[in-house]
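One-letter residues, chain by chain:
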Amino acid sequence: MVQLQKVHGSQNQFFLLDQTQLKAPLTKEELVNLAQQITKRDTGLLNGADGLLVVSKSHHPQVLGKMQVINADGSFASMCGNGLRTVGRYLAQKYHKETFKVETMQSDLRVSCKPDWAQDVKAVSVEISPVSFQANDLPFTNLGATQLINQNVPEFAPNLKFSAVAVPNPHLISLVPNNILQSNLLEKLGTRLNQKNPYFPDGVNVSFAQVLNAHHLFVRTFERGVGFTNACGTGMSAASLVYALTYPQEHLFGQLLTISNPGGFVQTKVHRTAHSYWIELIGNATITHYIDVTESELHEKQLGFSNFKITSTTENEAYQKFMATHHK
Ligand SMILES: N[C@@H](CCC[C@H](N)C(=O)O)C(=O)O
């Protein structure tokens, strides 16, 4: 038997598959097929999810494992902040380690277990990097600039300022007032920039952030390959960086920020190095279900899910209770 997990970070939900359990690991095509079917909100498993996290062996020194991220539509992403926390928890428990690195598409990232936020609310801190504002790294085109940092882009919206940053997956961030956050602009822009468009040929994760107070933001994200999510870890990290750069007078580098989102909250710390930036993302890593399935079933083209044996945990109740009492 193979055991999958259903997990979430700020209610950004994923299925997690450790390929090292399989005699014959799933091929890339099989992984995409599994991601597309299992995450479907109507016909998938357990009301679907936002993506599939695939764990496999890393051949890099001092690295505990490798994470691949497949969005609900089957596209691959170079990073996933909320996902990395849950993969970090998984590897920490598997190898009995508290601090280590995980290989991701572009770099090996630091992970460290934090004290539990409450009973059954595990917390993990992950490194979000490398960071780039270069048009080629996102990529974006046809905007008459090689970088976009807090600039008007009338092609996107008349009165808003936008920043484009790769962490390393691509993000478009705008700091907005509440009425814009409540409007349908995020959905319209997110949809437009994730279809064929002249600006972001590979699509982009679009986040609107509202400043609630000097150390507290609310961030909502329309994700590439998914649509609206409860939270996007890299989006909240990118928004924290854009916020720190936009308000230098607040001296936000190295300060702990709280980032609320529709699924709860995380904490971030933005760091400046000699040549770039990196962000620490701290938040819950919650296992909601264990799912036992035979290896042969995972290889099937049409997945039925009826033979998948599901065991629920009580961690989501603990998470909800913690959020209800600690998140105003
Ligand atoms: N939810 C993730 C980001 C997942 C990848 C993204 N949709 C992309 O295509 O870049 C996060 O928590 O960072």
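Scoring rules and cut-offs
Residues numbered from 1 in each chain as written. Predicted model: local features only at pLDDT ≥ 70, side-chain atom pairs only at ≥ 80, totals over all residues. Heavy atoms only, no water. Helix = DSSP H or I, 4+ residues; strand = E, 2+ residues; numbered from the N terminus. Rg over C-alpha atoms; globule rule 2.2 N^0.38 Å. Buried < 20%, exposed > 50% of the residue type's maximum accessible area, 1.4 Å probe, protein only. Lys, Arg positive; Asp, Glu negative; His and termini not counted. Charge placed at Lys NZ, Arg CZ, Asp CG, Glu CD. Core = buried A, V, L, I, M, F, W, Y, C linked by side-chain atoms within 4.5 Å. Contact = heavy atoms within 4.5 Å. UniProt positions renumbered as here; feature names shortened; annotations may be inferred. Salt bridge = Lys/Arg side-chain N within 4 Å of Asp/Glu carboxyl O. Near = heavy atom within 4 Å. Polar contact = N/O pair within 3.5 Å; in protein donor to acceptor, adjacent residues only side chain to side chain. Areas by Shrake-Rupley, 256 points an atom, 1.4 Å probe, with all protein chains shown as cover. Nonpolar A, V, L, I, M, F, W, Y, C, P; charged D, E, K, R; others polar. Domains from an automatic or database assignment. Buried area = accessible area lost by both parts, 1.4 Å probe. Pairing = 2+ DSSP bridges.

(A) Representation of the overall build of the protein within the structure. Helix and strand counts for the protein come out as 7 helices and 19 strands. For the protein, whose C-alpha radius of gyration is 19 Å, the value lies close to the compact-globule estimate of 20 Å for 328 residues. For the protein, the spread of C-alpha atoms along the three principal axes comes to 55 × 40 × 40 Å. The buried share among the 328 residues of the protein stands at 57%. Of the charged side chains in the protein, 27 are positive and 25 negative; the average position of the first set lies 4 Å away from that of the second.

(B) Quick peek at the nonpolar core. By size, the foremost hydrophobic cluster in this structure holds 49 residues, and its most contacted members are L53, M67, L84, V87, L91, V102 and V165. With 7 residues, helix α5 (residues 233-246) is the largest single contributor of residues to this core. Once residues within four sequence positions are removed from consideration, L84 is found in contact with M67, M79, V102, L109, V111, V126 and E127. Listed in part, the 25 residues of the second largest apolar core include F156, L181, L193 and F208.

(C) Structural detail: the UniProt feature "active site" (unreviewed entry) in the protein. Taking the UniProt record as the reference, the feature "active site" (unreviewed entry) is found at C80 and C232. On the basis of their most widely separated C-alpha atoms, the annotated residues across 153 residues gather in one place, lying no more than 7.7 Å apart. Following the sequence through the fold, C232 ends up in the loop between β14 (227-229) and α5. Once residues within four sequence positions are removed from consideration, C232 is found in contact with N12, N82, H171, T221 and E223.

(D) Structural context of the pattern of salt bridges. Evaluation of the coordinates by the stated rule reveals 5 salt bridges. Here D50 and R41 are joined by a salt bridge, their closest N and O atoms 2.9 Å apart. Given a relative accessible area of 5%, D50 falls into the buried group. Notably, a salt bridge pairs D116 with K122, separated by 3.2 Å at the nearest N-O pair. Looking at K122, the relative accessible area reads 30%, which means it is partly exposed.

(E) Seen up close, the site of the ligand. Taken together, 14 residues sit near the ligand, with N12, G81, E223, G233 and T234 positioned nearest. Taking G233, its main chain carries an N or O atom lying 2.6 Å from an oxygen atom of the ligand. T234 places a polar side-chain atom, nitrogen or oxygen, 2.6 Å from an oxygen atom of the ligand. Relative to its unbound accessible surface of 370 Å², the ligand loses 99% to contact with the protein. When contributions to the shell around the ligand are tallied by element, the ones reaching two or more residues are α2 (81-95) and α5. Split by residue class, the shell around the ligand holds 4 nonpolar, 8 polar and 2 charged. When residues of the shell around the ligand are assigned to domains, at least three map to each of domain 1 (2-127 + 285-326) and domain 2 (135-282).

(F) Region of the structure containing the domain arrangement of the protein. Taken domain by domain, the protein comprises domain 1 (2-127 + 285-326) and domain 2 (135-282). When each unit is reduced to the centre of its C-alpha atoms, the spacing between domain 1 and domain 2 is 24 Å. With 29 residues of domain 1 at the contact, the number on the domain 2 side is 25 residues. A combined buried area of about 1,900 Å² lies between domain 1 and domain 2, and 55% of that area is made up of carbon and sulfur atoms. In terms of surface lost to domain 2, no three residues of domain 1 exceed S10, M79 and W117, which account for 24% of the buried area on that side. Taken together, domain 1 and domain 2 are joined by 0 salt bridges.

(G) Main features of unusual backbone geometry. With omega at -5 degrees, the peptide bond leading from S129 into P130 counts as cis. Along the chain, P130 turns up in the loop between β8 (121-128) and β9 (151-152). L138 connects to P139 through a cis peptide bond whose omega is -15 degrees. Positionally, P139 belongs in the loop between β8 and β9. The phi torsion at Q62 lies on the positive side, around 65 degrees, for a residue other than glycine. Tracing the sequence through the fold places Q62 in the loop between β3 (51-56) and β4 (63-71).

(H) Here's a closer look at the pairing of strand β7 (residues 108-118). Pairing analysis gives 5 bridges linking strand β6 (residues 99-103) to β7, with the strands arranged antiparallel. By the bridge assignment, V102 is partnered in β7 with L109. In textbook terms, the turn of a hairpin is the stretch between consecutive antiparallel strands, and for β6 and β7 this stretch comprises 4 residues. Here 5 bridges tie β7 to β8, and the two strands are oriented antiparallel to one another. Directly across from C113, in β8, lies its bridge partner V124. Counting the residues in the hairpin turn of β7 and β8 gives 2 residues, including D120, whose phi is positive at 70 degrees.

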